[in-house]
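A closer look at the structure
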Amino acid sequence: MTNKDELITESDLKWLEKYITNPSPTGNEQEGQKIWLEHIKPNVDDHFSETYGCTIGVNNPGQEFKVVIEAHADEIAWYVHKIGEDGFIHVEETGGTDPGIAPSRRVNIYTEKGPVQAMFGWPPIHTRETSDDAPKKSTIFVDCGCTTKEEVEELGIQIGDYIVYD
């Protein structure tokens with residue numbers, strides 16, 4: 001179903017789905033940039049990447065008038081900081097994360113064995129000091145359904161693996 005008059009084609013939608021479902025946490029956005037560059041490359045004369053993780057396409061390079069297409073593609077993410085004996089995973093932030101939006105969010109933990117589905121948790125209201133406590137990095141955790149540290153490690157999860165919202 002492609003038509004010259006369509007603004008967005010089926011191929012565009014497939015590329016967009018591939019691009020937005022690829023994990024690109026702050027500091028590890030290279031794979032997302034490769035996908036973007038693969039898509040934009042036929043439409044630019046030159047390209048380069050810079051220190052902060054941006055990939056830049058340039059039309060008319062070396063000329064007074066040039067067009068620059070830039071894509072910075074990191075996303076909100078967390079990293080595994082500690083695995084508790086109880087199987088809960090404690091996190092460290094990367095980029096501009098907000099612990100207040102984490103509870104009950106589905107996530108994928110990216111391990112060497114592949115992604116592991118999990119969910120952010122937060123202590124229930126009856127166990128908190130006050131009912132209006134806000135989630136903090138020190139009180140949220142990731143639950144992947146394991147009850148021991150060993151079970152978590154058997155899934156391939158280790159310190160430093162990144163965690164991205166699903």
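1. Things to note about the layout of surface pockets
Size it by volume and the largest pocket reaches roughly 160 Å³. In terms of lining, the largest pocket is formed by G27, N28, E29, Q30, Q33, K34, L37, S49, G53 and T55. Among the elements that line the lining of the largest pocket, the one with the most residues is helix α2 (residues 30–40), at four residues. Its residues placed into classes, the lining of the largest pocket shows one nonpolar, seven polar and two charged.

2. A few points about the nonpolar core
Ranked by size, the top nonpolar core spans 19 residues in total, and within it I109, F120, V142 and I157 carry the most contacts. Elements represented by at least two residues in this core include exactly β4 (77–83), β5 (89–94), β6 (106–111), β7 (114–121) and β9 (162–165). Within the second largest apolar cluster, nine residues are counted, among which are W15, Y19, V44 and A71.

3. Overview of the packing of helix α1 (residues 10–21) against α2
Two elements in contact, α1 and α2, have axes separated by 10 Å at closest approach and are oriented at 165 degrees. It follows from the interaxial angle that α1 and α2 lie roughly antiparallel. In this structure, α1 meets α2 at a crossing whose hand is left-handed. Where α1 abuts α2, its residues D12, W15, K18 and Y19 lie against G32, I35, W36, E38 and H39. For the contact of α1 with α2, the per-class residue count stands at four nonpolar, two polar and three charged.

4. Side note on the packing of aromatic side chains
Applying the stated criterion across every chain, the model contains six aromatic pairs. On the numbers, 5.4 Å between centres and 25 degrees between planes, the contact of Y110 with Y162 is stacked. You can see Y110 sitting in strand β6 and its partner Y162 sitting in strand β9, a full 52 residues away along the chain. Here the aromatic residues W78, F120 and Y165 are joined through ring pairs into a cluster of three or more. Across the ring face of Y165, the terminal group of R105 is positioned such that the distance to the ring centre comes to 4.1 Å. For R128, the ring lying beneath its charged end belongs to W122, and the centroid distance is 3.6 Å.

Cut-offs and rules
Residues numbered from 1 in each chain as written. Predicted model: local features only at pLDDT ≥ 70, side-chain atom pairs only at ≥ 80, totals over all residues. Heavy atoms only, no water. 1 Å grid on protein atoms, 1.4 Å probe; cavity = no way out; pocket = protein on both sides within 12 Å on 5 of 7 lines; lining within 4 Å. Points joined across faces, edges and corners; volume = space filled by probe spheres on them. Helix = DSSP H or I, 4+ residues; strand = E, 2+ residues; numbered from the N terminus. Nonpolar A, V, L, I, M, F, W, Y, C, P; charged D, E, K, R; others polar. Core = buried A, V, L, I, M, F, W, Y, C linked by side-chain atoms within 4.5 Å. Buried < 20%, exposed > 50% of the residue type's maximum accessible area, 1.4 Å probe, protein only. Axes fitted to C-alpha atoms, helices over the stretch in contact; angles between N-to-C directions. Parallel < 35°, antiparallel > 145°, perpendicular 65-115°, else oblique. Left-handed = near helix turned anticlockwise from the far one by under 90°. Contact = heavy atoms within 4.5 Å. Phe/Tyr/Trp six-rings, centres within 6.5 Å; stacked < 30°, edge-to-face > 60°. Lys NZ or Arg CZ within 6 Å of the ring centre and 35° of its normal.

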